[in-house]
Amino acid sequence: MRRRRAGRSPSQTTARRRKAAQEEACAPDHAGLGRGSRGSDPAPAPEDEVEEAEPAGEKLPPFVPVDDRKIPQFSSDKVQTIDLEAGSERPSERVLDQHFARITPKITDCVITASRYGDVGSGRLAVQLRLLPSGKVESVSVKAPASLNVWGIVPCARKAVYDHRFPGYDGPSVGVDFAVDVD
C-alpha cells in the first residue's frame, strides 16, 4: 500500500507536480532557446499517481484492543472430569480442518486491522483450544512472535476462535492445536 508523504494533501502534491512540469517547460534547452518560446504549448503535467491513502478528513478511530479477559486460557494441565457414560467419538481431522478454514479469515481480519495502526511483522500464530462435546470452545490460547504480538492481534484472534462453534460430538472434551501463518 502506498502512503503519501506526511504533511501534504493530494491537492498539494498535484499542485507541486504541475508547477515542476511548467518550470521544466520554460527551462532553456540545449540550443539556449526556451522550450516554451517556440510557440508550442507547455508540456502537459505528468499523470497523477494513484495514491492509496486514507481520504482527507477520515482518520482512523483510536485503537481499542479486543477485551479477551473473560475468555479462559487453554491449559493442558487442567484436570478433566471424564464422563464414563459419554461416548468415545472425537471430531475428525477433516471436520476440524474445515472449521479452521472458516476461522482463519477472521484471524486474518485481526492482522489487517492491526496493520492499519502500525507495522505488523510476519510469523506464525500458534492456537491451542479445548473443544467441548457440545461444539463450544471452552478455552483458547494464542502464542505469537513479538512481531505479531502488537496492536491487539492476539486477543482478537483468541476471540475469533472462542466465538466459533464447532459441530457437536459424543465423546470427551479434546485439546486441539492449529496454526495460522502471517506473511
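Since we're looking at a predicted model, the values are computed, not measured.

(A) Main features of the pairing of strand β2 (residues 137-143). Burial analysis of β2 places 5 of its 7 residues in the buried class, the great majority of the element. Note that strand β1 (residues 123-131) and β2 share 6 bridges and pair antiparallel. Bridge pairing in β2 links Leu129 to Val140.

(B) Highlighting the nonpolar core. In terms of nonpolar packing, the biggest core is built from 27 residues, with Ile107, Leu125, Leu129, Leu131, Val161, Phe166 and Phe178 touching the most fellow members. When residues in this core are grouped by element, the largest group, 6 residues, is from helix α2 (residues 93-117). Not counting residues within four places of it along the chain, the set of residues in contact with Leu129 comprises Phe74, Val137, Ser139, Val140, Val161, Phe166, Val174, Gly175, Val176 and Phe178.

(C) Representation of the sheet that holds strand β3 (residues 174-182) in the model. The 3 strands are arranged β2-β1-β3 in an open sheet whose pairing can be described as antiparallel. Each edge of the open sheet is held by one strand with a lone partner, namely β2 and β3. Sheet twist, expressed as the mean angle between neighbouring strand axes with direction ignored, is 20°. Sheet strands touched by α2: β1 and β3. Its angle to β3, the strand with the most contacts, is close to 45°. Sheet strands in contact with helix α3 (residues 153-163) are β1, β2 and β3, and its direction is about 150° off that of β2.

(D) Seen up close, the pairing of β3. Burial along β3 is one-sided: Val174, Val176, Phe178, Val180 and Val182 are buried, and none of Gly175, Asp177, Ala179 and Asp181, which face the opposite way, are. Where β1 lies against β3, 9 bridges are found, and the strand directions are antiparallel. Counterpart to Arg130 in the pairing with β3 is Gly175.

(E) The state of the cysteines, seen in detail. Tallied over the full model, the rule gives 1 disulfide. With its sulfur 2.0 Å from that of its partner, Cys110 forms a disulfide with Cys156. In this structure, the disulfide formed by Cys110 and Cys156 twists by about -75° around the S-S bond and is classed as left-handed. In this pair, Cys110 is assigned in helix α2 and Cys156 in helix α3, connecting sequence segments 46 residues apart.

(F) Spotlight on the environment of Ser141. Inspection of the secondary structure assignment puts Ser141 in strand β2. Overall, the relative accessible area of 7% leaves Ser141 in the buried class. When the C-alpha positions of Ser141 and Ser75 are compared, they lie 8.1 Å apart, and in sequence the two are 66 residues distant. Those residues in contact with Ser141 that lie beyond four places of it in its chain are Gln73, Phe74, Ala126, Val127, Gln128 and Arg158. Here Gln73 takes part through its side chain, which lies 2.7 Å from a polar atom of the side chain of Ser141.

(G) Representation of α3. α3 sits mainly inside the fold: 8 of its 11 residues count as buried. For α3, the full list of buried residues reads Ile153, Val154, Pro155, Cys156, Ala157, Arg158, Ala160 and Val161. Its buried side turned inward, α3 meets α2, β1, β2 and β3.

(H) Quick peek at the pattern of salt bridges. A full pass over the atoms with the stated rule returns 5 salt bridges. A salt bridge links Arg69 to Asp67; the nearest nitrogen and oxygen atoms lie 2.9 Å apart. Judged by its relative accessible area of 72%, Arg69 falls in the exposed class. For Asp67, a relative accessible area of 48% translates into the label partly exposed. Residue Asp163 pairs with Lys159 through a salt bridge whose shortest N-O separation is 2.5 Å. Within this pair, Asp163 and its partner Lys159 are both found in helix α3, separated by 4 residues, close to a single helical turn. For Lys159, a relative accessible area of 33% corresponds to the partly exposed category.

The rules behind the values
- Residues numbered from 1 in each chain as written.
- Predicted model: local features only at pLDDT ≥ 70, side-chain atom pairs only at ≥ 80, totals over all residues.
- Heavy atoms only, no water.
- Buried < 20%, exposed > 50% of the residue type's maximum accessible area, 1.4 Å probe, protein only.
- Helix = DSSP H or I, 4+ residues; strand = E, 2+ residues; numbered from the N terminus.
- Pairing = 2+ DSSP bridges.
- Core = buried A, V, L, I, M, F, W, Y, C linked by side-chain atoms within 4.5 Å.
- Contact = heavy atoms within 4.5 Å.
- Axes fitted to C-alpha atoms, helices over the stretch in contact; angles between N-to-C directions.
- Disulfide = S-S within 2.5 Å.
- Polar contact = N/O pair within 3.5 Å; in protein donor to acceptor, adjacent residues only side chain to side chain.
- Salt bridge = Lys/Arg side-chain N within 4 Å of Asp/Glu carboxyl O.

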